[in-house]
Amino acid sequence: MDKKNILAIDVGTGMVKVLAGRQEANGRIQLFGSGAAPTAGFAKGVITDIDALAHSIRQAVECVVLATDSRAAGSVYLGLSGSVLVTQTSIGTVAAATAGVVTGADVERACQAAVFSVADHEYEVLHVFPAREDVTQAGAALAVETHIISAPKATLAELSRVLSRSGIQLNGIVASGIIAAEGMNTELPGQPTNFIFIDIGAGVADISLYVKGRLRSSAALPLGGDYITSDLMQGLSVNRAHAEEIKRYYSRLSPDLRNQGVVLDCNDYGTVDKHIPFDFLYDIIESRVEEIVTLVYGYLKPLQAEYLTKPGQTFETVYLTGGCGAMPSMGACVAKFFQLPTTTVTPEGLSAEYVHPANTVCYGILKHGARITENEPVGGHSAWNTLVHKAKKLLKFDRY
Ligand SMILES: Nc1ncnc2c1ncn2[C@@H]1O[C@H](COP(=O)(O)OP(=O)(O)OP(=O)(O)O)[C@@H](O)[C@H]1O
Ligand SMILES: [Mg+2]
């Protein structure tokens, strides 16, 4: 087994997506396979049936294994989002080992103290993100505010156990939306920025808020493209698959078709003729798009005021991704509400077939897995060392 081969699994409400790849010596990721399967047992960020979910994951992984002639075997990272994840903010305070000098080791201890102060034996800490540090004037004490993401140990253990019975041994479970945002954050050129990263999928809108390049807040709201699909199913009396087709067809059309009396031919294999006025579709879809964005904006508005307290401090941009990011009107609506430039994020540097915002998160998990594998010291890591290792990288310890 070549550990440098990474298998990334993104558990979404609509699909389980899998990407297989490896990091080349030049740092680029070479993808050599992908797979997907409809998700069962997981909806809107809630695991409802672990066995059914494991079955979907296995199907998606099998697609890759078949397509790649088993080359996919390697390190496996699985991403989850939604209410299965718990987010906490915790401050760890320690005395500096040498008064007046704060070292990387001090910061590491402060992170550790922050985690211990919220430790709950029923939850496993997946990530620790240092958000802010304060040093007392005399330099004797250091306080580090951390953003901690955890998940119930029992759920993670059960999922790992069921998957391992199918031959899928997990090397790590990650918070998928946040990991995608982090990956993008580390690659942004120039100064650390204040930005909002939103991944709107089928059932969950994952939000990560960055101030000066540090993750300060994250949330998963039960909102996504399924709302639009369900409305189309009702409004047009079509099944789910047909409604999905119509939605994707609509999102390729120009909004200028409105008020032009255009009637769309929306036939699908095995269905009776379906001729739908563009304006009818527009009204259904755009009202739902606006509703989703209104709720996301309503959630984020108070946080903007909380985290950007200095005069003149603002968010600079919104990065939008997830399958709904493929709808031009979603991006336009986000830009309108937030009054900020909005960029749709797709995986970069890959062949055209993967360049879709629905793949950003899975690709983010893959890059994360590749980074961990690359930095893993010989002999492996304890769970805590892995967490602190990430914290260290984020804090850029050479500053001290
Ligand atoms: N071209 C497109 N036009 C309109 N909608 C699209 C397009 N492509 C994908 N979508 C929508 O994006 C959603 C799927 O996105 P994604 O794959 O990111 O979700 P997921 O990861 O399965 O679910 P979640 O992350 O919400 O749990 C679906 O609602 C789908 O209809
Ligand atoms: Mg998703």
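Residues numbered from 1 in each chain as written. Chains lettered and ligands numbered in written order. Predicted model: local features only at pLDDT ≥ 70, side-chain atom pairs only at ≥ 80, totals over all residues. Heavy atoms only, no water.

Caption draft 1: Layout of the sheet that holds strand E11 (residues 195-200). Within the open sheet, the five strands sit side by side as E13-E12-E11-E16-E17. Their pairing is mixed. Strand pairing shows two members of the sheet lacking a second neighbour, strand E13 (214-221) and strand E17 (342-344), which therefore form its edges. Each neighbouring strand pair of the sheet contributes to a mean axis angle of 20°, computed without reference to strand direction. The sheet strands contacting helix H4 (residues 176-187) are E11, strand E12 (205-211), E13 and strand E16 (317-321), and the helix crosses E12 at an angle near 40°. (Pairing = 2+ DSSP bridges. Helix = DSSP H or I, 4+ residues; strand = E, 2+ residues; numbered from the N terminus. Axes fitted to C-alpha atoms, helices over the stretch in contact; angles between N-to-C directions. Contact = heavy atoms within 4.5 Å.)

Caption draft 2: Here's a closer look at the pattern of salt bridges. Summed over the entire model, instances satisfying the criterion amount to 16 salt bridges. A salt bridge links Glu-62 to Arg-58, with the nearest nitrogen and oxygen atoms 3.7 Å apart. Of this pair, Glu-62 and Arg-58 both sit in helix H1 (residues 50-68), four residues apart, roughly one helical turn. With relative accessibility at 42%, the residue Glu-62 sits in the partly exposed group. Looking at Arg-58, the relative accessible area reads 30%, which means it is partly exposed. Between Glu-133 and Arg-214 there is a salt bridge whose closest N-O contact spans 2.7 Å. Placement of the pair is Glu-133 in strand E8 (residues 123-135) and Arg-214 in strand E13, with a sequence separation of 81 residues. Residue class for Arg-214 comes out buried when judged on its relative accessible area of 14%. By sharing partners, the salt bridges in this structure join Arg-132, Glu-145 and Arg-216 into a single network. (Salt bridge = Lys/Arg side-chain N within 4 Å of Asp/Glu carboxyl O. Buried < 20%, exposed > 50% of the residue type's maximum accessible area, 1.4 Å probe, protein only.)

Caption draft 3: Main features of the site of ligand 1. Around ligand 1, a shell composed of 22 residues is seen, among which Thr-13, Lys-17, Val-204, Glu-244 and Lys-247 lie nearest. In this structure, an oxygen atom belonging to ligand 1 sits 2.9 Å away from a main-chain N or O atom of Ala-202. Contact distances for ligand 1 include 3.5 Å between a nitrogen atom and a side-chain N or O atom of Arg-248. For the shell around ligand 1, the elements supplying multiple residues, two or more each, are strand E2 (15-23) and helix H6 (240-251). With four residues, H6 is the single largest residue contributor to the shell around ligand 1. When grouped by side-chain class, the residues that make up the shell around ligand 1 number seven nonpolar, ten polar and five charged. (Near = heavy atom within 4 Å. Polar contact = N/O pair within 3.5 Å; in protein donor to acceptor, adjacent residues only side chain to side chain. Nonpolar A, V, L, I, M, F, W, Y, C, P; charged D, E, K, R; others polar.)

Caption draft 4: Spatial organisation of the sheet that holds strand E3 (residues 29-38). If you walk across this open sheet you meet the five strands as E3-E2-E1-E6-E10, and the pairing is mixed. One side of each edge strand has no neighbouring strand; the edge strands of this open sheet are E3 and strand E10 (172-175). Each strand axis lies, on average, 20° off the axis of its neighbour in the sheet, ignoring direction. Note that E2 and E3 share nine bridges and pair antiparallel. Each bridged residue has a counterpart across the sheet, and for Lys-17 the counterpart in E3 is Ala-36. Strands in contact with helix H9 (residues 360-375) are strand E1 (5-11), E2, E3, strand E6 (75-80) and E10; relative to E1, the strand with the most contacts, it is inclined by about 140°.

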